[in-house]
Amino acid sequence: MSFPQNTGHATPFPRLSILLHWVMAVLIIVMLFVGLVMAHDSTIHYAGLFTLHRTVGFLLLLLVVIRLVNRFANHTPALPMDMPGPMKLAAHFSHILLYGFMIALPLVGWAMLSAGGYPITLWGGCHIPPLMGFHPHLWGVLRCLHSLLAYGLILLILAHIGAALLHGIIRRDGVMGSMLGR
């Protein structure tokens, strides 16, 4: 199967969309890395990593809400006309999944801490109210779910990067450039 060598230029995303995309991309990668370190190594730095993880997780939840409002308020550039239908469907479905994971992960983390009876204190001493009361069994279920969602998000991110590279290197259809502001 050969792809067209379209060097056309897609319409760029709005500047705020690009900024939110890249800021969240960096924060999510940091979060996933910190989460993996926390899950596999309880060193003397665990408390600091835990505070960082909670704080950035809550920040990401706020940013995804802003990002969704921005996405509905601003026009998203159309996919290339010559892009096959199944690829367009996969693109739309993968974005829905990405948003779902970006919302679910911090909410499940928040619920998990609440069910475990852990105070949710962010940097600067800001306290976030619990979503529910103490429930040890539910804490265990939510902890497992939080981990599974994190691994699922890692796979989605790898697919997203792969798709971006497909558009940027093979198809050269301007899709990758639209999120780079070109």
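Residues numbered from 1 in each chain as written. Predicted model: local features only at pLDDT ≥ 70, side-chain atom pairs only at ≥ 80, totals over all residues. Heavy atoms only, no water.

A. Expanded view of the packing of helix α1 (residues 15-40) against helix α2 (residues 46-73). Two elements in contact, α1 and α2, have axes whose closest approach is 9 Å; the angle formed by their N-to-C orientations is 150°. By the angle between their directions, the pair α1 and α2 is classed as roughly antiparallel. In this structure, α1 crosses over α2, and the sense of that crossing is left-handed. When its residues are assigned to classes, the contact of α1 with α2 shows 20 nonpolar, six polar and one charged. (Axes fitted to C-alpha atoms, helices over the stretch in contact; angles between N-to-C directions. Helix = DSSP H or I, 4+ residues; strand = E, 2+ residues; numbered from the N terminus. Parallel < 35°, antiparallel > 145°, perpendicular 65-115°, else oblique. Left-handed = near helix turned anticlockwise from the far one by under 90°. Nonpolar A, V, L, I, M, F, W, Y, C, P; charged D, E, K, R; others polar.)

B. Quick peek at the side chain of Arg-171. Along the chain, the position of Arg-171 falls in helix α4 (residues 136-171). Polar contacts involving the side chain of Arg-171 include one to the side chain of Asp-82, which spans 3.1 Å. (Polar contact = N/O pair within 3.5 Å; in protein donor to acceptor, adjacent residues only side chain to side chain.)

C. View of a nonpolar patch on the surface. Side chains of Leu-155, Leu-158, Ile-161, Leu-165, Ile-169 and Ile-170 sit close together on the surface and give an oily, nonpolar patch of about 580 Å² of accessible area. When you line up the elements, Ile-169 lands in helix α4. (Patch = residues over 30% accessible without salt bridge, like charges linked within 9 Å, V, L, I, M, F, W, Y side chains within 5 Å. Areas by Shrake-Rupley, 256 points an atom, 1.4 Å probe, with all protein chains shown as cover. Salt bridge = Lys/Arg side-chain N within 4 Å of Asp/Glu carboxyl O.)

D. Focus on unusual backbone geometry. Phi at Arg-172 is positive, roughly 45°, even though this residue is not glycine. You can see Arg-172 is positioned in the loop between α4 and α5 (175-179). Taking the relative accessible area as the measure of exposure, Arg-172 reaches 39% and is therefore partly exposed. (Buried < 20%, exposed > 50% of the residue type's maximum accessible area, 1.4 Å probe, protein only.)

E. The pattern of salt bridges, seen in detail. Tallying each qualifying case throughout the model produces two salt bridges. Arg-171 is paired through a salt bridge with Asp-173; the nearest N and O atoms lie 2.9 Å apart. A residue is classified by how much of its surface remains accessible, and Asp-173, at 3% relative accessible area, is buried.

F. View of α4. Helix length check: α4 (36 residues) gives 50 Å between terminal C-alpha atoms against 52 Å at 1.5 Å per residue, within 8%. Residues of α4 that are buried: Leu-142, His-146, Leu-149, Ala-150, Gly-152, Leu-153, Leu-156, Ile-157, His-167 and Arg-171. Of the surrounding elements, those touching the buried residues of α4 are α1, α2, α3 (85-115) and α5. The positive-phi residue at the C-terminal boundary of α4 is Arg-172, with phi of around 45°. (Expected span 1.5 Å × (residues − 1). Contact = heavy atoms within 4.5 Å.)

G. Quick peek at the packing of α2 against α3. Where α2 meets α3, the closest approach of the two axes is 9 Å, and the angle between their N-to-C directions is 140°. Between α2 and α3, the angle falls in the class oblique. When the axes of α2 and α3 are compared, the crossing they make is left-handed. Together, Phe-50, Arg-54, Gly-57, Phe-58, Leu-61, Val-64, Arg-67, Leu-68 and Arg-71 of α2 and Tyr-99, Met-102, Ile-103, Pro-106, Leu-107, Trp-110 and Leu-113 of α3 make up the contact between the two elements.

H. Broad picture of the confidence of the model for the protein. A residue-level look at the protein finds 94% of positions with pLDDT of 70 or above and a mean pLDDT of 90. Segment residues 1-7: pLDDT under 50, and 15 contacts once partners within four positions in sequence are set aside and those in other chains are kept. (pLDDT = per-residue confidence, 0-100.)

I. Looking closely at the UniProt feature "transmembrane region" (unreviewed entry) in the protein. In the UniProt entry, the feature "transmembrane region" (unreviewed entry) is given for residues 20-39, 46-69, 89-113 and 148-170. The span residues 20-39 shows a helical share of 100% and a strand share of 0%, and its end C-alpha atoms are spaced 28 Å apart. Helix makes up 100% of residues 148-170 and strand 0%, whereas the separation of the span's terminal C-alpha atoms amounts to 32 Å. (UniProt positions renumbered as here; feature names shortened; annotations may be inferred.)

J. Seen up close, the nonpolar core. Membership of the largest hydrophobic core comes to 36 residues, with the highest contact counts inside it found for Met-24, Ile-28, Leu-60 and Leu-153. For this core, the secondary structure elements donating two or more residues are α1, α2, α3 and α4. Sorting elements by how many residues they give to this core places α3 first, with eleven residues. Among residues more than four places away in sequence, those in contact with Ile-28 are Leu-60, Met-102, Leu-153 and Ile-157. (Core = buried A, V, L, I, M, F, W, Y, C linked by side-chain atoms within 4.5 Å.)

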